[in-house]
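Below, each chain spelled out in residue letters.
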Amino acid sequence: MIKRHDKLLMWGSNKDGRLGHSSTDITSIYEIPQLRFAAVALGSHHTTAITEDGEVYGWGRNTSAQLGDAADIVSVPTRIAVKAKIVKVAAGWGHTLLLDSDAVAYSFGCNDNGQLGHGNR
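Remember, predicted model here, so these are calculated numbers, not experimental data.

**Details of the sheet that holds strand β8 (residues 95–100)**
Here's step 1: Here three strands make up an open sheet; going across it, the order is β7-β8-β9 and the pairing antiparallel. Of all strands in the sheet, those with a lone pairing partner are β7 (86–91) and β9 (105–109), marking the two edges. Neighbour to neighbour, the strand axes of the sheet diverge by 15 degrees on average, direction disregarded.
Here's step 2: Note: β8 against β9, five bridges, orientation antiparallel. Paired with Leu98 across the strands is Tyr106, a residue of β9.

Here it is as structure tokens:
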């Protein structure tokens, strides 16, 4: 668990933009610029993070719409449009789960096994 307002540092394989950088593999520590996160969730090939203000950002492979966007690859942190203040985030192989400050859950992405909580597919 990261502390509130901590910098997010990443390195390693940047396949599909999963490190939030537009270049190839990153061999030294890279700081996600200009953003401080309260929580981060790592999926198989994507990352989703929330700020203390409840804004949601995502990057990486998006082939199942697990980042809530139509693009297949999101190579830099991109805001995901959610109209509520998000307080918790979780990510799986191809899906993302969010919980807002009123305990309302949001889910998007792959649902072939019912992992989004509203029936299969």
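**Observations regarding the side chain of His45**
Here's step 1: Along the chain, His45 turns up in the loop between β3 (39–42) and β4 (46–50).
Here's step 2: Within polar-contact distance, the side chain of His45 engages the side chain of Ser44 at 3.3 Å.

**Section: the sheet that holds strand β5 (residues 56–61)**
Here's step 1: Strand order in this open sheet of four strands is β3-β4-β5-β6, and the pairing throughout is antiparallel. Among the strands making up the open sheet, the edge pair consists of β3 and β6 (73–80). Across the sheet, the mean angle separating the axes of adjacent strands is 10 degrees when strand polarity is ignored.
Here's step 2: Summarising the sheet, β3 and β4 pair through four bridges and their orientation is antiparallel. By the bridge assignment, Leu42 is partnered in β4 with Thr47.

Cut-offs applied
Residues numbered from 1 in each chain as written. Predicted model: local features only at pLDDT ≥ 70, side-chain atom pairs only at ≥ 80, totals over all residues. Heavy atoms only, no water. Pairing = 2+ DSSP bridges. Helix = DSSP H or I, 4+ residues; strand = E, 2+ residues; numbered from the N terminus. Axes fitted to C-alpha atoms, helices over the stretch in contact; angles between N-to-C directions. Polar contact = N/O pair within 3.5 Å; in protein donor to acceptor, adjacent residues only side chain to side chain.

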